[in-house]
Amino acid sequence: MSTIFKKIIDKEIPADIVYEDDLCLAFRDIDPKAPTHILIIPKKEIPSMAEASQDDEGLLGHLLVTASRIAKDQGISDSGYRLVANTNNQGGQEVYHLHIHLLGGRQMTWPPG
Ligand code: DGP
């Protein structure tokens, strides 16, 4: 089932897009949990990491490399950042279109909540 993120991909609803290519889109989270909070999503509709398959290996690698590149562009690479993929209910996932949170600009704590 399509989600709000599919509507963002299709430009049916607006988002603060920071990067786009044929395979993925990155935009600022509407409810930021850090000074820099960007979501990196594949254009392919994969509900969550739990549904990722062997066929998605290259795509998932692309998302991670893109996150690294965006972190550099945003000036948070040297100071550090966190990548998170909330997965299914106990992972705290709310939107069922696979996404990677890029969080930075403040000290992260561990363990996460
Ligand atoms: P998760 O819990 O991992 O599924 O996080 C989903 C994130 O998506 C959450 O941090 C808020 C964000 N979000 C939800 N709806 C929208 C939207 O319409 N626009 C933007 N930019 N972000 C959204």
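Predicted model, so just to flag it, every value in this text is computed and none were measured.

> So what exactly am I meant to see when it comes to the pattern of salt bridges here?
Two side chains bearing opposite charge may form a pair once their charged atoms approach each other closely. For the structure on display, the rule yields six salt bridges. One salt bridge in this structure joins Glu20 and Lys11, with 3.0 Å as the shortest N-O distance. The partly exposed category is assigned to Glu20, whose relative accessible area is 35%. A relative accessible area of 47% means that Lys11 is categorised as partly exposed. Beyond isolated ion pairs, a larger network of salt bridges with shared partners links Lys11, Glu20 and Lys43.

> It is not clear to me how the site of the ligand should be interpreted in this structure. Could you clarify?
Around the ligand, the surrounding shell holds 15 residues, and the nearest of these are Asp29, Asn86, Glu94, His99 and His101. Between the ligand and Ile30 there is a distance of 3.2 Å, counted from a nitrogen atom to a backbone nitrogen or oxygen. The side chain of His99 places a nitrogen or oxygen atom 2.7 Å from an oxygen atom of the ligand. In the complex, 86% of the free accessible area of the ligand, which totals 520 Å², lies under the protein chains. According to the grid-proximity analysis, the pocket containing the ligand is the largest pocket. Contributing elements (two or more residues each) for the shell around the ligand: α1 (4–9) and β2 (24–28). Per-element accounting of the shell around the ligand gives the leading share, three residues, to α1. Counted by class, the shell around the ligand contains seven nonpolar, five polar and three charged residues.

> For this particular structure, what's the right way to read the layout of surface pockets?
Empty pockets left among the atoms are what a rolling probe the size of a water molecule brings to light. Estimated volume of the largest pocket: approximately 810 Å³. Lining the largest pocket are 32 residues; nearest its centre among them are Asp29, Lys33, His37, Asn86 and His101. Every element with two or more residues in the lining of the largest pocket is listed here: α1, β2, β3 (36–42), β4 (81–84) and β5 (100–104). With three residues, α1 is the largest single contributor of residues to the lining of the largest pocket. The residue inventory of the lining of the largest pocket, partitioned by class, reads 16 nonpolar, eight polar and eight charged.

> How should I be thinking about the sheet that holds β2 in this particular structure?
Through backbone hydrogen bonds, the strands of a sheet pair up, either in parallel or in antiparallel fashion. Judged by pairing direction, the sheet is antiparallel, and its five strands sit side by side in the order β1-β2-β3-β5-β4 without closing on themselves. The open sheet has two edge strands, β1 (17–20) and β4, and neither has a second partner. Each neighbouring strand pair of the sheet contributes to a mean axis angle of 15°, computed without reference to strand direction. Pairing geometry for β4 and β5, over four bridges, is antiparallel. Residue pairing across strands places Tyr81 opposite Gly104, the latter belonging to β5. Contacting β1, β2, β3, β4 and β5, helix α2 (residues 57–73) runs over the sheet at an angle of about 155° to β3.

Calculation criteria
Position labels on residues start from 1 in each chain and follow its written sequence. In keeping with the model being predicted, local features are shown solely for residues with a pLDDT of at least 70 and side-chain atom pairs are shown and tallied solely at 80 or more, while totals for entire chains, interfaces and linings include all residues. Side-chain metrics in this entry use all non-hydrogen atoms of the structure; hydrogen atoms and water are not considered. The salt bridge definition used is simple: a Lys or Arg side-chain nitrogen within 4 Å of an Asp or Glu carboxyl oxygen. Each residue gets one of three labels from its accessible area relative to the maximum for its type: buried under 20%, exposed over 50%, partly exposed in between, using a 1.4 Å probe on protein chains only. A cutoff of 4 Å decides nearness: a residue is near a molecule or strand if any of its heavy atoms lies inside that distance of it. By the criterion applied in these results, polar contacts are pairs of N or O atoms within 3.5 Å in which, for protein atoms, one can donate a hydrogen and the other can accept it, and in which residues neighboring in sequence qualify only through two side-chain atoms. Working definition of accessibility: Shrake-Rupley area with a 1.4 Å probe, residue cover restricted to the visible protein chains. Cavities and pockets are found on a 1 Å grid laid over the protein atoms alone: a cavity is a set of points where a 1.4 Å probe fits but cannot escape, a pocket is an open set with protein on both sides within 12 Å along at least five of seven lines, and a lining residue has an atom within 4 Å of such a point. If over half the atoms of a molecule are within 2 Å of the grid points of a cavity or pocket, the molecule is regarded as sitting in it. For helices the rule is a DSSP run of H or I covering at least 4 residues; for strands it is a run of E covering at least 2, with both sets numbered from the N terminus onward. Classification convention: Asp, Glu, Lys, Arg as charged; Ala, Val, Leu, Ile, Met, Phe, Trp, Tyr, Cys, Pro as nonpolar; all other residues, Gly among them, as polar. Grid points are joined across faces, edges and corners, and a volume is the space filled by probe spheres set on the points. Paired strands, in this sense, are two strands between which DSSP finds at least two bridges. Helix axes use the C-alpha atoms of the stretch in contact, all axes being lines fitted to C-alpha atoms, and the angles between their N-to-C directions lie in the range 0 to 180 degrees. The contact criterion used is simple: two residues touch if any of their non-hydrogen atoms lie within 4.5 Å.

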